[in-house]
Structures are given as C-alpha cells and as structure tokens.
Amino acid sequence: MTRSCGPSSPALALVLLAVLLGGVARAAEIVGGREAQPHSRPYMASLQLLPGRHFCGGTLIHPRFVLTAAHCLSNLNPLRVRVVLGAHSLQTSEPTKQRFRISRLFENSYDPKEKLNDVLLLQLDRPATLNAQVAVAQLPQQNQLLPHGTQCLAMGWGRLGTFEPLPQVLQELNVTVVTFLCRPQNVCTFVPRRSAGICFGDSGGPLICDGVIQGVDSFVIRGCATRQYPDFFARVSLYVDWIRSVLSNAGGEDGP
Ligand SMILES: *[C@@H]1O[C@H](CO)[C@@H](O)[C@H](O)[C@H]1NC(C)=O
C-alpha cells in the first residue's frame, strides 16, 4: 500500500480513518426496484470488508479512482476494505470480477453532522482493466443544472427494505428528481405512488441521469421508501473541478 504522507494541496485532504465500526447510519439499499441486466452498469463498484461483506456502493470514474460517499469509510480502517468491480451477484464467483485495495483516500470538507459534502475518492492500488463489464462513468459539467422532474436511475446491492436482507444481485430503480425538502448541496429523488427508494447498503452508489453520474447515495430520512421524504444524494456537479484536480495531481505519481 502506498502510504501518503499528507495532502498534496490544501484542497486534497488525506483522510485518516478510525477503526471502530458502527455509529453512522448507512444509506440504504434499493426498495421496490428490479434486477439490473447483468453488467449493464459496468461502472458500479461494491465496497466490501475482508470476508466479502458488501457495505457500500461506489462508481468507477477513472481506471484508478472510485467515487463513493464519505460516510461509508468514516468508521472503517481502509486497509480492511476491498473494491470489487465487474460484479452482478455478490455471492457467486464471477470471472468478470476485479478486486482492489485502496491506496489513498481524498475527502472534500465532509461534514458528518450536517451530512454535507458526503463524497470520497478512493485511489485503487492499480488501474482497473477496462472491458465490457468494467467501465468508467461520465462526470457532469461543474455546476450543471438538474431540473425538477429529470428521470434518473438509482442502483445498488443495498437492502430490499428497512428490515429486509441484502439482495443477491444488483438492483436498479427509476426515480424522479424533486426539489421538495431538498437542499442545494443535494440531489433529491422520489418515486411517486408507491414505496420505493434507496436503502441501507446503497450508500456511495451512483444516481445516473441521461448517462451521467449526478449523485452519490447519501442518506434517507426515517427509514427506506417511506413515501414521505425524498432520498438524498450528494450533488456530484458541485465537485467536478475538485475531482479533476485530484485525478490530475495523482496521475503518473506512482505509475500505471
Ligand atoms: C425506466 O426508465 C427508462 C428510461 O427512462 C425507461 O425506458 C423504462 O421504461 C423505465 N422503466 C420502468 C419500469 O418504469
């Protein structure tokens, strides 16, 4: 593991993580969704603890970088975390899977109390091999607008309900961007007329709108798919300049 000694610029804080588990309510899994067509979302990452236990999602945005939620690793030792790409079923062995360790973390003013800036970049220990099952997601423009009513896709291996288990295979769900009860720093989504949404274990995963990652699953209010509150995502378009600066500063630093 490449041990970074400090941030390479004031904006790029290296996060030192505590080893204790628990405390943070992890954002959820998909409720009321459907099985994704296998490997149709090739940017989708599963973050797992050593024995293969999924705990959060993530998105491959560069062969060496996965974007996830800051709260996903706030209580974990990153040395215990594995990043799995190319997965559909978490339980079965799939030849498409690629597994990585984390060599560095980059955080951007994460505020756990206010749940602001809930984004984290994971630098992988080596570049992913890009193919039909493993590919990078497209970033939005910095500050790109995302109008109310935009149709998007949420996805993940999160729970099938607040008290339900994790699913075997990747789930996805059509959702609509809404502004009620939301904040400018978030993208919020809602599924009208039925109980559906993200749930525990979906945290860190992508919200994809018109083929672009616009959100990182952050939190739900009072349980999953309550039909009352929207689901909250970190607004990725606010962080594109920061992401690009991390990628260019890290590029070439320790070879391919
Ligand atoms: C989900 O959204 C896609 C793209 O907008 C659409 O083609 C599809 O029919 C929708 N599926 C469901 C189940 O609503």
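This text follows the structure it describes.
In this report, we go over the structure that sits alongside the text. Just so you know, these numbers come straight off a predicted model, no measurement behind them. (Residues numbered from 1 in each chain as written. Predicted model: local features only at pLDDT ≥ 70, side-chain atom pairs only at ≥ 80, totals over all residues. Heavy atoms only, no water.)

**Focus: the nonpolar core**
Membership of the largest hydrophobic core comes to 53 residues, with the highest contact counts inside it found for Phe55, Leu67, Leu73, Val83, Leu121, Leu122 and Ile243. The element best represented in this core is helix 1 (residues 240-250), accounting for 5 residues. Counting contributing residues per domain, this core is built from domain 1 (42-136 + 239-252) and domain 2 (150-236), each supplying no fewer than three. Formed by 15 residues, the second largest nonpolar core is a distinct cluster that contains Leu146, Val175, Val187 and Val191. (Core = buried A, V, L, I, M, F, W, Y, C linked by side-chain atoms within 4.5 Å. Buried < 20%, exposed > 50% of the residue type's maximum accessible area, 1.4 Å probe, protein only. Helix = DSSP H or I, 4+ residues; strand = E, 2+ residues; numbered from the N terminus. Domains from an automatic or database assignment.)

**Regarding the pattern of salt bridges**
Following the criterion strictly, the structure yields 4 salt bridges and no others. Of the charged contacts, one joins Arg34 and Glu172 as a salt bridge, the two residues approaching to 3.3 Å between their closest N and O atoms. Within this pair, whereas Arg34 is found in strand 2 (residues 34-35), its partner Glu172 is found in strand 11 (residues 171-178), the two being separated by 138 residues in sequence. Taking the relative accessible area as the measure of exposure, Arg34 reaches 39% and is therefore partly exposed. The salt bridge involving Asp125 is made with Arg126; its shortest N-O contact spans 3.5 Å. For Asp125, a relative accessible area of 33% translates into the label partly exposed. One network of salt bridges, in which partners are shared, links Arg34, Arg41 and Glu172. (Salt bridge = Lys/Arg side-chain N within 4 Å of Asp/Glu carboxyl O.)

**Section: the environment of His148**
For His148, the location among the structural elements is in the loop between strand 9 (120-124) and strand 10 (151-156). For His148, a relative accessible area of 51% translates into the label exposed. Here His148 is in contact with Val177, Val178 and Thr179, once residues within four sequence places are set aside. Polar side-chain contacts of His148 include one of 3.3 Å to the side chain of Thr179. (Contact = heavy atoms within 4.5 Å. Polar contact = N/O pair within 3.5 Å; in protein donor to acceptor, adjacent residues only side chain to side chain.)

**Considerations on the packing of aromatic side chains**
To describe a pair of aromatic rings, you give the distance between the ring centres and the angle between the ring planes. The tally for this structure, following the rule as stated, stands at 3 aromatic pairs. Ring geometry for Phe65 against Phe106: centres 6.2 Å apart, planes inclined by 50°, an arrangement best described as tilted. Of this pair, Phe65 sits in strand 5 (residues 65-68) while Phe106 is found in strand 8 (residues 102-107), placing the two residues 41 residues apart along the sequence. Phe106 shares its class with Phe65; the two are buried. Note that Lys115 overlies the ring of Phe219, its terminal NZ or CZ placed 5.6 Å from the centroid. (Phe/Tyr/Trp six-rings, centres within 6.5 Å; stacked < 30°, edge-to-face > 60°. Lys NZ or Arg CZ within 6 Å of the ring centre and 35° of its normal.)

**Describing unusual backbone geometry**
In this structure, Ser109 is a non-glycine residue whose phi angle is positive, near 55°. If you trace the backbone, Ser109 turns up in the loop between strand 8 and strand 9.

**What to know about the pairing of strand 15 (residues 231-235)**
Of all 5 residues that make up strand 15, 5 are buried, and the element is covered over most of its length. Pairing between strand 12 (residues 186-190) and strand 15: 4 bridges, direction antiparallel. Looking across to strand 15, one finds that Asn186 is bridged to Ala234. Two elements, strand 14 (residues 212-219) and strand 15, share 4 bridges in a ladder whose sense is antiparallel. Note on strand 15: the bridge partner recorded for Phe219 is Phe232. (Pairing = 2+ DSSP bridges.)

These results come straight from atomic positions and should not be treated as a statement about function.
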